[in-house]
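Structural overview
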Amino acid sequence: TQAYINRGDILLKLNRTKEAQEVYERALFYDNTNPDIYYNLGVVLIEQGRHGQALAYLNKALELDPDHSQALLNSAMLIQESGSDQLRQLAVERLNRIVAKGQDNERVYFNLGMLSMDGGNLDTAEIWFRKAIELKTDFRSALFNLALLLSDSDRPLEAAPFLHQLIKHHPNHTKGLILLGDIYINHLRDLDAAEDCYRRILAVEPDNVQGLHNLCVVMVERGQLASARSCLQQAHALAPHEDYIRKHLDIVETKIQETTKKDNVAEK
């Protein structure tokens with residue numbers, strides 16, 4: 001049985017998931033009470049995108065071994081990703097079981113944080129995200145979600161250090177740069193730093209509409225209306241169906257016309 005499991009693990013690492021599934025199913029023929037085989041079949045089905053069936057196999061592994069840490073974690077992750085309100089508490093209980101056993105890790109804390117956010121328990125979510133980051137300082141998802149939580153809770157200045165930590169370890173994290181740029185514009189009034197965020201995005205993703213639009217906003221804030229108009233026209237060409245870009249372009253056009261009229265009156 002162990003030889004089948006080992007061969008299945010190798011096939012899974014080679015991304016030959018169908019063959020791995022067949023090997024694990026063969027192992028079940030010889031030993032249908034081994035929780036590791038059911039767990040491994042669950043992992044294969046996750047890789048294949050068959051999450052409902054995967055959860056069934058992970059649940060079977062837990063029937064045989066209620067303390068199977070990997071089955072507890074992966075099943076809780078599947079439940080969290082499914083967004084099921086009915087199963088959320090079950091996922092929390094499974095993760096807390098891992099914590100109680102002292103086998104917790106940053107993924108356990110992160111998923112407890114995500115489940116808390118899904119349930120609207122933001123204070124609890126913050127605690128779990130901070131614990132995840134304590135264990136793994138470059139934890140991309142935990143850093144961004146904690147920063148987003150703080151920003152959405154009207155605590156943007158507390159979010160900024162976590163965004164800097166995120167960008168330090170993941171320099172091209174687009175959403176992190178967008179959020180940091182927003183804090184620079186709206187709360188710190190540092191247009192140069194905001195511009196740097198958006199230009200870093202565009203250096204990697206030249207067609208990033210949100211990054212380009214926000215760079216246009218920096219130009220508007222500086223009173224560079226002609227440059228802002230050209231910038232917004234470029235953004236509108238990339239995303240003609242985005243109403244907010246069209247609206248902002250119209251506002252800039254109106255401002256330019258008003259400025260031109262004032263200049264003409266002054267000349268007269």
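One structure accompanies this document, and this report is about it. These figures come from a predicted structure and were not determined experimentally.

**Observations regarding the overall build of the chain**
Within the chain, the regular secondary structure consists of 15 helices and zero strands. Computed over its C-alpha atoms, the radius of gyration of the chain comes to 25 Å, more than 25% above the 18 Å expected for a compact globule of 268 residues. Taken over the C-alpha atoms alone, the chain extends approximately 95 × 35 × 35 Å along its principal axes. Looking at the chain as a whole, 44% of its 268 residues qualify as buried.

**Concerning the environment of D36**
Tracing the chain through its elements places D36 in helix α3 (residues 35-47). Judged by relative accessible area, D36 falls into the partly exposed class, the value being 36%. For the pair formed by D36 and Q2, sequence separation is 34 residues and the distance between their alpha carbons is 9.7 Å. Sequence-distant contacts of D36, that is, excluding residues within four places in its chain, are made with I5 and H68.

**Some details on the state of the cysteines**
Tallying each qualifying case throughout the model produces one disulfide. Here C197 stays unpaired: no disulfide links it, and the sulfur of C231, its closest cysteine neighbor, is 15 Å away.

**Looking at the side chain of T174**
You can see T174 is positioned in helix α11 (residues 174-188). Classification of T174 as buried rests on a relative accessible area of 18%. Residues contacting T174, with those up to four places away along its chain left out, are I201, E205 and N208.

**Re the side chain of H173**
Mapped onto the secondary structure, H173 falls in the loop between α10 (156-169) and α11. Exposure remark for H173: the relative accessible area of 8% places this residue in the buried category. Polar side-chain contacts of H173 include one of 2.9 Å to the backbone nitrogen of G176.

**Some details on the packing of aromatic side chains**
For the coordinates displayed, the defined rule picks out six aromatic pairs. Considering the side-chain rings of Y4 and Y30, the 5.7 Å spacing of their centres and the 20° angle between planes classify their relative orientation as stacked. You can see Y4 sitting in helix α1 (residues 2-13) and its partner Y30 sitting in helix α2 (residues 17-30), a full 26 residues away along the chain. Judged by relative accessible area, which is 29%, Y4 ranks as partly exposed. Here the aromatic residues Y4, F29 and Y30 are joined through ring pairs into a cluster of three or more. Lying over the aromatic face of F139, K136 brings its terminal NZ or CZ to 5.9 Å of the ring centre.

Basis of the calculations
- Residues numbered from 1 in each chain as written.
- Predicted model: local features only at pLDDT ≥ 70, side-chain atom pairs only at ≥ 80, totals over all residues.
- Heavy atoms only, no water.
- Helix = DSSP H or I, 4+ residues; strand = E, 2+ residues; numbered from the N terminus.
- Rg over C-alpha atoms; globule rule 2.2 N^0.38 Å.
- Buried < 20%, exposed > 50% of the residue type's maximum accessible area, 1.4 Å probe, protein only.
- Contact = heavy atoms within 4.5 Å.
- Disulfide = S-S within 2.5 Å.
- Polar contact = N/O pair within 3.5 Å; in protein donor to acceptor, adjacent residues only side chain to side chain.
- Phe/Tyr/Trp six-rings, centres within 6.5 Å; stacked < 30°, edge-to-face > 60°.
- Lys NZ or Arg CZ within 6 Å of the ring centre and 35° of its normal.

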